[in-house]
Amino acid sequence: AAGVIQSPRHLIKEKRETATLKCYPIPRHDTVYWYQQGPGQDPQFLISFYEKMQSDKGSIPDRFSAQQFSDYHSELNMSSLELGDSALYFCASSPRDGGYGVLTFGAGSRLTVL
Amino acid sequence: AQSVTQLDSQVPVFEEAPVELRCNYSSSVSVYLFWYVQYPNQGLQLLLKYLSGSTLVKGINGFEAEFNKSQTSFHLRKPSVHISDTAEYFCAVSSSGYSTLTFGKGTMLLVSP
């Protein structure tokens, strides 16, 4: 079965640089979520999209932005990177109807900021 | 607002022993409850969920959990663990009608021979 695809899997950036993470949800899943998991931390919700519109917003820094495209894939753009942005970034998807927290997660993109 | 408390950050156990990972939640509305497992360097995988109905829910890999509304708990249990169960376990909650998950801090289950 198709899963949630995230790219790149690993990314190394310098401070103040910009990074873009991509997420391809499971086919027919119309809702996408982004989570950030720092070292030894629980996943923190950043933002979600339903039908290309932002549906919920969590602790996403102003330096970050995200969008969902017409093919339902999503991109998380991070600018002016800081050391504290080093984390595992998860994308998850679910169908809006009957989703109820049953999210399917991708394997994550590990961002290292030097 | 909702929150999840996982009382144990780490649970060491011997292979074939039973285990219970504790989870308590707080919410002002009805909730859906979940346990996710994260193996090293991997994403989160759904173990089991409580949406409604029977308070005892069974999941994959022999795990089960019991929803206790009066104690606002959703503890995870397995009668006999394997080495391969070594992983981080996250309890999570979402409010009825929303799918955004709030996670607990996680419990590292360490199974040794």
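Each residue is numbered by its place in its chain's sequence as written, counting from 1. Labels are handed out in written order, letters beginning with A for the chains and numbers beginning with 1 for the ligands. For this predicted model, a pLDDT threshold of at least 70 governs which residues receive local features, and a threshold of 80 or more governs which side-chain atom pairs are given and counted, while totals over whole chains, interfaces and linings are taken from all residues. Derived side-chain values reflect all non-hydrogen atoms in the structure, with water molecules and hydrogen atoms excluded from consideration.

Novice: Account for the overall build of chain A, with residues named and values stated.
Specialist: Runs of H or I in DSSP of at least four residues are treated as helices and runs of E of at least two as strands, each being numbered from the N terminus. A count of helices and strands for chain A gives zero helices and eleven strands. Along the longest, intermediate and shortest principal axes, the C-alpha atoms of chain A span 40 × 25 × 25 Å. Throughout, exposure labels follow a simple rule: accessible area from a 1.4 Å probe, protein chains only, divided by the maximum for the residue type, with under 20% read as buried, over 50% as exposed, and the rest as partly exposed. Put simply, chain A has 114 residues, and 46% of those count as buried. If you take every contact in chain A between residues at least 6 apart in sequence, the share linking residues at least 24 apart comes to 53%. What sets the accessible areas is the Shrake-Rupley method with a 1.4 Å probe; for residues, cover comes only from the shown protein chains. Within the structure as shown, chain A displays about 5,500 Å² of accessible surface, and the carbon and sulfur contribution to it stands at 48%. His residues and chain termini do not enter the charge count, which takes Lys and Arg as positive and Asp and Glu as negative. Here the site of a charge means atom NZ of a Lys, CZ of an Arg, CG of an Asp or CD of a Glu. Averaging the positions of the 11 positive and the 12 negative side-chain charges in chain A gives two centres separated by 4 Å. Only heavy atoms enter the contact rule, under which two residues are in contact if any of them lie within 4.5 Å.

Novice: Run through the nonpolar core, naming residues and quoting values.
Specialist: Formed by 28 residues in total, the largest nonpolar core has its most connected members in Trp35(B), Leu48(B), Phe74(B), Leu76(B) and Tyr89(B). For this core, the secondary structure elements donating two or more residues are β2 (10-14), β3 (19-21), β5 (31-38), β6 (44-50), β8 (64-68), β9 (73-78), β10 (87-95) and β12 (107-112) of chain B. The residues touching Leu76(B), leaving out its near neighbours within four places in the chain, are Val19(B), Glu20(B), Leu21(B), Trp35(B), Leu47(B), Leu48(B), Phe63(B), Glu64(B), Ala65(B) and Tyr89(B). Residues enter a nonpolar core if they are buried and are Ala, Val, Leu, Ile, Met, Phe, Trp, Tyr or Cys, with the set joined through side-chain atoms within 4.5 Å. Among the nonpolar cores identified, the runner-up in size contains 22 residues, and Val4(A), Cys23(A), Ile26(A) and Leu46(A) belong to it.

Novice: Any details on the state of the cysteines? Residues and values, ideally.
Specialist: For the purposes of this analysis, a disulfide is any pair of cysteine sulfur atoms at a distance within 2.5 Å. In the structure shown here, the tally under the stated rule is two disulfides over all chains. The partner cysteine of Cys23(A) in its disulfide is Cys91(A), sulfur to sulfur 1.7 Å. Judged by the sign of its S-S torsion, about -55°, the cystine formed by Cys23(A) and Cys91(A) is left-handed. On the criterion of sequence distance, the pair formed by Cys23(A) in strand β3 (residues 19-24) and Cys91(A) in strand β9 (residues 87-94) is long-range, its members being 68 residues apart. Residue classification places Cys23(A) among the buried residues on the basis of a relative accessible area of 0%. Across the disulfide from Cys23(B) sits Cys91(B); the S-S distance is 1.9 Å. Negative torsions about the S-S bond denote left-handed disulfides, and the value of about -65° found for Cys23(B) with Cys91(B) makes this one left-handed. In this pair, Cys23(B) is assigned in the loop between β3 and β4 (24-27) and Cys91(B) in strand β10, connecting sequence segments 68 residues apart. Here Cys23(B) falls in the buried class, since its relative accessible area comes to 0%. What makes Cys91(B) buried here is its relative accessible area of 0%.

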